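# Inside the fold
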Amino acid sequence: MDADVVVVGAGLAGLVAAAELADAGRRVVLVDQEGEQSLGGQAHWSFGGLFLVDSPEQRRMGIKDSLDLARQDWFGSAQFDRPEDYWPRAWAEAYVDFAAGEKRAWLHAMGHRLFPVVGWAERGDGRADGHGNSVPRFHITWGTGPGIVAPFERRVRAAVAEGRVELRFRHRVDGLVTSGGVVTGVRGALLEPTTVDRGRPSSRVEVGDFEIPAQAVVVTSGGIGGDHDLVRKAWPERLGEPPRTMVAGVPAHVDGRMQTITAQAGGRIINPDRMWHYVEGIQNWDPVWENHGIRILPGPSALWLDASGKRLPAPYYPGFDTLGTLKHLRGTGHDYSWFVLTQKIIEKEFALSGSEQNPDLTDKNVRLLLNRVRSGAPGPVEAFKQHGADFVVADTLAELVDGMNTLTGDDLIDLASLQHQVQARDREMDNAFTKDLQIAALRSARAYRGDKLIRVASPHKMLDPKNGPLIAVRLHVLTRKTLGGLETDLDGRVLTASGEPLAGVYAAGEVSGFGGGGMHGYNSLEGTFLGGCLFSGRQAGRAAARAVG
């Protein structure tokens, strides 16, 4: 045997699994089709958000959270309703327990630290027992995505130095090797060396082949979000017609190959129609990969309009119900929508997803971080406002409408209609009470200390020039996460159609729907994708270590 265990995929879940295996004394070969510069996979690009329950950070911010409330939110969001949801439900129970239990202490012991202000992501559909977070739970890693990758990269590289882990990059797995009904390794093609920057397309020129025998294989290869044809093929009818155009939230090598390869070896894929795509995507003016999109992490104040200029109904406000909003917008017949806001709103409420869009948090730069509580938009946001193809800035509403219609060429926005909607909203600002549920929600949000400090602008009239200029942002569907995948038990063992383990094969991370074949069900509560990689990678790594011991 070349190794006790082969781990396929050097993203976060793969690093966690390899670290756990090595710490248990197992010999590990970690393979990836990309170069070493891509170690950490999609986690590197992330904002570093983690779902935690009843944390010290929450308590310091005056948030009263509990395991019971988190379970209520998770299962109200997941809406499990299928016979094949047995293992996803079990994973959901286990993961929420982990998030309320040892998750924070486990990470803290490895040097991981958190930004002290807890964010309130995915605020929900307006029902106590429905989708969404009842309280802020989005804990930002100090160091963003690289900060969550670093502890596991350190552990793996230490194991490399000690001879327990071997890193083999540019190894593209094309099949699982089976002997006597048991998977006994992997085979594939050696790709020519690459020096392209992380995220850039790399060569697929083959220079040889390989086979690595092992006692077990852990598949941690990610989802399908980089292949838009696969996304459209899996697109569920419940969300309407798939978009004709989308922007890419992940590089093209996030292609779902290993999910298919594992299924061909006997593994079962469940819930392939469950997926998570954002509706606040903008074209990156300085792209890393082709068709590179960035997600706006919005506060609750901007007016959200469909392509024809109609305001979205409750509860489809910025930051509330991602898939509910996606479904609504797919029914409009257009692939884009609009935020309309003011300079005052963009300064306080716009954040951009991604480690590279948050240099203050990523670089742990306290001096730069202080700009978030000062006047003016953060540097990366201001750069998008100035250079982004989807931004329109104007001093008057008439000029804004002209710019919006010029940008799309569709001439769908009517000045009189938009003026009526904005004026109606502005009149609601004259009192501390309102019938406008979005205004009520943003005022409620400011009752939370974290939102008032750095996240939600003080309520104001959009047409008051002192709050301007006015800004419109064209929004695209942004591909992101696969919520279904390879069915696994709580040890991460891949299951067959008969429900029995596929001998010798484990899976973790997005390829397994972050655990079980879909532990999120239909909806994410955010901060749960990185956490799912951590938990499922740990489960699979520890279980595989026991099995080959």
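Please refer to the structure placed before this passage.
Everything in this summary refers to the structure shown in the same document. Being a predicted model, the structure only gives us computed values, none of them experimental. (Residues numbered from 1 in each chain as written. Predicted model: local features only at pLDDT ≥ 70, side-chain atom pairs only at ≥ 80, totals over all residues. Heavy atoms only, no water.)

## Points about the overall build of the chain
When helices and strands are counted, the chain shows 18 helices and 20 strands. Structurally, the chain occupies a C-alpha span of about 75 × 50 × 45 Å along its principal axes. The proportion of buried residues among the 549 residues of the chain is 61%. In the form shown here, the chain has an accessible surface area of approximately 20300 Å², with 50% of it arising from carbon and sulfur atoms. (Helix = DSSP H or I, 4+ residues; strand = E, 2+ residues; numbered from the N terminus. Buried < 20%, exposed > 50% of the residue type's maximum accessible area, 1.4 Å probe, protein only. Areas by Shrake-Rupley, 256 points an atom, 1.4 Å probe, with all protein chains shown as cover.)

## Some points on helix α9 (residues 322-330)
By the criterion of burial, α9 is predominantly enclosed, with seven of the nine residues buried. Looking at α9, one finds that the buried residues are Thr322, Leu323, Gly324, Thr325, Leu326, Leu329 and Arg330. Against the buried residues of α9 lie β11 (275-283), β12 (293-297), β13 (303-306), β14 (336-342) and β17 (470-482). (Contact = heavy atoms within 4.5 Å.)

## Focus on the packing of aromatic side chains
If you walk through the whole model with that rule in mind, you get 20 aromatic pairs. The interplanar angle of 80 degrees and the centroid separation of 5.6 Å between the aromatic rings of Trp91 and Phe535 together place this pair among those described as edge-to-face. Of this pair, Trp91 sits in helix α4 (residues 86-100) while Phe535 is found in helix α18 (residues 529-547), placing the two residues 444 residues apart along the sequence. For Trp91, a relative accessible area of 0% gives the class buried. For the ring pair Trp276 and Tyr278, a centre distance of 6.2 Å and an interplane angle of 85 degrees mean the geometry is edge-to-face. No difference in accessibility class separates Trp276 from Tyr278, as the two residues are buried. Aromatic rings pair up to connect Phe51, Trp74, Trp91, Tyr95, Phe98, Trp106, Phe152 and Phe535 into one cluster. Sitting above the plane of the Trp106 ring, Arg538 keeps its charged end 4.9 Å from the centroid. (Phe/Tyr/Trp six-rings, centres within 6.5 Å; stacked < 30°, edge-to-face > 60°. Lys NZ or Arg CZ within 6 Å of the ring centre and 35° of its normal.)

## Description of the environment of Pro313
Counting through the fold element by element, Pro313 comes out in the loop between β13 and α9. Considering only alpha carbons, one finds Pro313 and Thr325, 12 residues apart in sequence, at a separation of 9.3 Å.

## Observations regarding the pattern of salt bridges
In the structure shown here, the tally under the stated rule is 43 salt bridges. The closest approach of N and O atoms between Arg172 and Glu206, which form a salt bridge, is 2.7 Å. With Arg172 in strand β6 (residues 171-179) and Glu206 in strand β8 (residues 206-219), this residue pair connects regions lying 34 residues apart in the sequence. The class of Arg172 is buried, set by a relative accessible area of 13%. Given the relative accessible area of 48%, Glu206 is considered partly exposed. Taken together, the salt bridges that share partners define one network made up of Asp81, Arg82, Asp85, Arg238, Asp273 and Arg274. (Salt bridge = Lys/Arg side-chain N within 4 Å of Asp/Glu carboxyl O.)

## Side note on the side chain of Asp321
On the secondary structure map, Asp321 appears in the loop between β13 and α9. Of the side chains bearing the opposite charge, Arg127 lies closest to the buried Asp321, which forms no salt bridge; the N-O distance is 7.1 Å. At 3.1 Å, the side chain of Asp321 and the backbone nitrogen of Gly324 are in polar contact. (Lys, Arg positive; Asp, Glu negative; His and termini not counted. Polar contact = N/O pair within 3.5 Å; in protein donor to acceptor, adjacent residues only side chain to side chain.)

## Observations regarding the environment of Arg455
Mapped onto the fold, Arg455 is located in the loop between α17 (449-454) and β17. A C-alpha to C-alpha distance of 10.0 Å links Arg455 and Val117, two positions 338 residues apart in sequence. Apart from residues lying up to four places away in sequence, Arg455 is in contact with Arg123, Leu297, Pro298, Gly299, Lys348, Glu349, Phe350, Ala351 and Gly450. A distance of 2.5 Å separates the side chain of Arg455 from the backbone oxygen of Glu349, its partner in a polar contact.

## Quick look at the packing of helix α1 (residues 12-23) against α18
Interhelical geometry of α1 versus α18 gives an angle of 35 degrees and a closest axis separation of 7 Å. Crossing of α1 over α18 shows right-handed handedness. Listed contacts from α18 to Leu12, Ala13, Val16, Ala17, Glu20 and Leu21 of α1 are Leu530, Cys533, Leu534, Gly537, Arg538, Gly541, Arg542, Ala544 and Ala545. For the contact of α1 with α18, the residue count by class is 10 nonpolar, two polar and three charged. (Axes fitted to C-alpha atoms, helices over the stretch in contact; angles between N-to-C directions. Left-handed = near helix turned anticlockwise from the far one by under 90°. Nonpolar A, V, L, I, M, F, W, Y, C, P; charged D, E, K, R; others polar.)

## Things to note about the pairing of strand β1 (residues 3-8)
Most of β1 is tucked away, with six of its six residues classed as buried. In this structure, β1 lies alongside β8, joined through five bridges in parallel fashion. Its bridge partner lying in β8, Val5 is registered against Ala216. Of the pairings in the sheet, the one linking β1 to strand β2 (residues 28-32) comprises four bridges and is parallel in character. Within β2, the position partnered with Val5 by the bridge is Val28. For the handedness criterion, the β-α-β arrangement of β1, α1 and β2 is classed as right-handed. (Pairing = 2+ DSSP bridges. Right-handed = clockwise from strand over helix to strand, strands pointing away.)

## What to know about a nonpolar patch on the surface
There is a patch of nonpolar side chains on the surface, built from Val366, Leu370, Val373 and Leu453 and spanning about 340 Å² of accessible area. Structurally, the position occupied by Val373 is in the loop between α12 (366-369) and α13 (379-387). Of the residues examined, Val373 reaches a relative accessible area of 48% and is grouped as partly exposed. (Patch = residues over 30% accessible without salt bridge, like charges linked within 9 Å, V, L, I, M, F, W, Y side chains within 5 Å.)

## Observations regarding the packing of helix α3 (residues 67-78) against α4
α4 packs onto α3 with a crossing angle of 145 degrees between their chain directions and a minimal axis gap of 10 Å. Crossing of α3 against α4: the hand is right-handed. Across the interface between the two elements, Leu67, Ala70, Arg71, Trp74 and Phe75 of α3 pack against Arg89, Ala92, Glu93, Tyr95, Val96, Asp97 and Ala100 of α4. Each residue belonging to the contact of α3 with α4 can be placed in one class, and the counts come to eight nonpolar, no polar and four charged.

## Thoughts on helix α15 (residues 415-427)
Note that an α-helix has 3.6 residues per turn; residues three or four places apart therefore point the same way. End to end, α15 covers 18 Å across 13 residues, agreeing with the expected 18 Å (1.5 Å per residue, within 8%). Of all the positions in α15, only Leu418, Gln421, Val422, Arg425 and Asp426 are classed as buried. For α15, the angular spread of the buried residues around the axis is 135 degrees, confining them to a single face. Among the exposed residues of α15, those oriented more than 90 degrees off its buried face are Ala416, His420 and Arg427. (Expected span 1.5 Å × (residues − 1). Arc of directions from axis to C-beta.)

## Quick word on the environment of His253
Examined against the element boundaries, His253 turns out to sit in the loop between β9 (247-248) and α8 (257-264). Separated by 140 residues in the primary sequence, His253 and Val393 have C-alpha atoms spaced 35 Å apart. Apart from residues lying up to four places away in sequence, His253 is in contact with Gln33, Glu34, Gln42 and Arg204.

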